[in-house]
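# Architecture at a glance
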Amino acid sequence: MLSAIGRAFRTPDLRRKLLFTLGIITIFRLGAFIPAPGVDYGNVQQCLSLGNTQGGLYEFVNLFSGGALLQVSVFALGITPYITASIITQLLRVVIPRFQELHEEGAQGQSRLTQYTRYLTIALGLLNATTLVSLARSGALLGDCPVPLIPDDSLLTIILLIITLTAGTGLIMWMGELITEKGVGNGMSLLIFTAIVASFPTSLGEILRTQGWTVFLGVMLMGIVVVALVIFVEQSQRRIPVQYAKRMIGRRTLGGSSTYIPIKVNMAGVIPVIFASSMLYLPTLIAQFNTPSDGQTPPPEWVNWITTYLATGDHPLYMAVYFLMIVFFTYFYVAITFNPDEVSENMKKYGGFIPGIRAGRPTAEYLQYVLSRITLPGAIYLGLVALIPLIALVAIGANQNFPFGGTSILIMVGVGLETVKQIDAQLQQRHYEGLLR
């Protein structure tokens, strides 16, 4: 492994790509600690020291910003607006026929969809920046902090702060596209990977400080086991054999080859976990806005119910609802992203068929049959991995940002495997042994 990394850095063009990627990642991490204009950095650190930043919003959004959200830095919004915009654009293909037509047009249509995603990212960034600044002004961003985060809350300062945060999102999006174009791997995925990995030392250090060496070593051992199992499932796939009939075009004979359709056990990736987390946070957000601010008036009963059962994540009802929502969204997302009718039609167009299955409708029904059954273990796997931080919260008192589980471990393993494969492919193109033997 180390010798393969050495060969990668000895290859001039690959070394240039790797160094370029590392440089962009360094800039991304530096931006997480540069305070936004108008924000008092000392007051931010004083508020963070109070330890009132646990909960759905903080754990979820701060995860993708690499800690920049709670620092109220220029990159406070992180990559979250782009993730949301990409998901919305993908879902709109089902609702708006024009988006589906652009998706089927090839490179030109994909370029147009990418442009729409960029515009939507800036719009969502502007909306998120306004919300973030409002929370910071009221002191609710860092758990009702007694000192002001924005001492001068004049209109000019607020506008400048909103523009800066939105520009930070645009800059992160541009840096991610630069990595994809001139570096190694998918730029957006690598930036998310970097943001998540950056939180690992803090999370592990907190467990060591509060729980001791015994629990810390147990967590590390559990982490190794979880990573190994996630890698095993992420690499698992059902290969459906496909044969192509021979065709005569002029004097040339085309086709006659055999290939397969890879259907992964986890085709949905981490999207169902993100959907379920977002949906479960909505009741808490609604309850927060309906809680009396004077501290004396008792909140309504339904607010107390939500606070008791759906706010902290350590209640069995929360875990059960979370698990069932992940299973539902897994089926929902797979049904959107994989269309058996479209795959069957493309196979029929180019003379492909599944041995023993007639082309056309029978092929689509067979693909749907296989897909519905292989999605079930994938959905259960996603639900169990997502529950690991919640179980750790109950078992050892660790916070919900438990490093080895949930969204973080799924993204880390997925992005890591994909990046290693790309480096491996580029090494093999130059007649070297790959990173993985």
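See the structure above.
A brief structural summary. (Residues numbered from 1 in each chain as written. Predicted model: local features only at pLDDT ≥ 70, side-chain atom pairs only at ≥ 80, totals over all residues. Heavy atoms only, no water.)

So, about the overall build of the protein chain. Counting its regular elements, the protein chain contains 18 helices and 5 strands. Total accessible area on the protein chain is roughly 22600 Å²; 63% of this is exposed by carbon and sulfur atoms. (Helix = DSSP H or I, 4+ residues; strand = E, 2+ residues; numbered from the N terminus. Areas by Shrake-Rupley, 256 points an atom, 1.4 Å probe, with all protein chains shown as cover.)

All right, on to the sheet that holds strand β4 (residues 258-264) then. Consider a sheet: its strands pair through backbone hydrogen bonds, and that pairing is either parallel or antiparallel. Spatial ordering of the open sheet is given by β4-β1-β5, a layout of 3 strands whose pairing is antiparallel. With one partner strand each, in any of the chains shown, β4 and β5 (352-353) form the two edges of the open sheet. One ladder, built from 2 bridges, connects strand β1 (residues 237-244) with β5; its direction is antiparallel. Bridge assignment links Gln-243 to a residue of β5, and that residue is Phe-353. (Pairing = 2+ DSSP bridges.)

This brings us to the pairing of β1. With 7 bridges joining them, β1 and β4 adopt antiparallel strand pairing. Bridging across to β4, Gln-237 finds its partner in Lys-264.

For the structure shown, the criterion picks out 3 salt bridges. A salt bridge links Glu-101 to Arg-98, with the nearest nitrogen and oxygen atoms 3.6 Å apart. Placement of both Glu-101 and Arg-98 in helix α7 (residues 97-104) is noted, with a separation of 3 residues, approximately one turn of the helix. The exposure class assigned to Glu-101 is partly exposed, which follows from its relative accessible area of 41%. Judged by its relative accessible area of 39%, Arg-98 falls in the partly exposed class. For Asp-341, the salt bridge goes to Arg-361, with nearest N and O atoms at 3.4 Å. On the criterion of sequence distance, the pair formed by Asp-341 in helix α16 (residues 340-349) and Arg-361 in helix α17 (residues 361-395) is long-range, its members being 20 residues apart. For Asp-341, a relative accessible area of 39% translates into the label partly exposed. (Salt bridge = Lys/Arg side-chain N within 4 Å of Asp/Glu carboxyl O. Buried < 20%, exposed > 50% of the residue type's maximum accessible area, 1.4 Å probe, protein only.)

Next up on the list: the layout of surface pockets. Considering only enclosed or pocket space, the second largest pocket measures out at about 1500 Å³ in volume. If you trace the second largest pocket, you find 41 residues lining it, with Gln-90, Asn-186, Ser-189, Ile-271 and Tyr-333 closest to the centre. Broken down by element, the lining of the second largest pocket gets its largest block of residues, 8 residues, from helix α18 (residues 406-429). For the lining of the second largest pocket, a count of residues per class yields 18 nonpolar, 17 polar and 6 charged. Taken domain by domain, the makeup of the lining of the second largest pocket includes at least three residues from each of domain 1 (1-183) and domain 2 (210-436). (1 Å grid on protein atoms, 1.4 Å probe; cavity = no way out; pocket = protein on both sides within 12 Å on 5 of 7 lines; lining within 4 Å. Points joined across faces, edges and corners; volume = space filled by probe spheres on them. Nonpolar A, V, L, I, M, F, W, Y, C, P; charged D, E, K, R; others polar. Domains from an automatic or database assignment.)

Let us look at the nonpolar core. Inside soluble globular proteins, nonpolar side chains tend to come together where they are buried. One finds Val-230, Ile-263, Val-273, Tyr-322 and Leu-410 to be the most contacted residues of the largest nonpolar core, which totals 68 residues. No other element matches the 11 residues that α17 contributes to this core. Shared between two domains, this core holds at least three residues of each, these being domain 1 (1-183) and domain 2 (210-436). In this structure, Ala-76, Leu-141, Ile-158 and Ile-162 belong to the second largest nonpolar core, which totals 20 residues. (Core = buried A, V, L, I, M, F, W, Y, C linked by side-chain atoms within 4.5 Å.)

Another point: a nonpolar patch on the surface. Together, Tyr-331, Leu-376, Ile-380 and Leu-384 give the surface a local cluster of nonpolar side chains, amounting to about 340 Å² of exposed area. For the nonpolar patch, the element with the highest residue contribution is α17, accounting for 3 residues. The residue Leu-376 is located in helix α17 in this model. (Patch = residues over 30% accessible without salt bridge, like charges linked within 9 Å, V, L, I, M, F, W, Y side chains within 5 Å.)

The next thing to look at is the side chain of Glu-234. Within the secondary structure, Glu-234 is located in helix α12 (residues 213-235). Despite being buried, Glu-234 has no salt bridge partner; Lys-264 is the closest side chain of opposite charge, sitting 4.0 Å away. A polar contact is formed between the side chain of Glu-234 and the side chain of Tyr-381, at a distance of 2.8 Å. Other than its neighbours up to four places away in sequence, Glu-234 contacts Lys-264, Asn-266, Tyr-381, Leu-410, Val-413 and Leu-417. (Lys, Arg positive; Asp, Glu negative; His and termini not counted. Polar contact = N/O pair within 3.5 Å; in protein donor to acceptor, adjacent residues only side chain to side chain. Contact = heavy atoms within 4.5 Å.)

This part takes up the packing of aromatic side chains. Per the stated rule, a full pass over the model turns up 8 aromatic pairs. Their ring planes at 65° and their centres at 5.3 Å tell us that Phe-328 and Phe-329 sit as a pair that is edge-to-face. Look at Phe-328 and you get exposed, because its relative accessible area is 52%. By relative accessible area, Phe-329 is classed as buried at 11%. Between Phe-328 and Phe-332, the ring centres sit 6.3 Å apart and the planes meet at 15°, which makes this aromatic pair stacked. Of this pair, Phe-328 and Phe-332 both sit in helix α15 (residues 316-337), 4 residues apart, which is roughly one turn of that helix. Grouping aromatic residues by their ring pairs yields a cluster made of Phe-275, Phe-328, Phe-329, Phe-332 and Tyr-333. (Phe/Tyr/Trp six-rings, centres within 6.5 Å; stacked < 30°, edge-to-face > 60°.)

This part is about helix α3 (residues 41-48). The set of residues buried in α3 consists of Asn-43, Val-44 and Cys-47. For α3, the arc enclosing every buried residue in end-on projection is 105°, short of the 170-degree limit, so these residues lie on one face. (Arc of directions from axis to C-beta.)

All right, on to the environment of Gly-170 then. Position of Gly-170 relative to the elements: it lies in helix α9 (residues 155-182). By relative accessible area, Gly-170 is classed as buried at 17%. Sequence separation between Gly-170 and Gly-78 is 92 residues, and the spatial gap between their C-alpha atoms is 9.7 Å.

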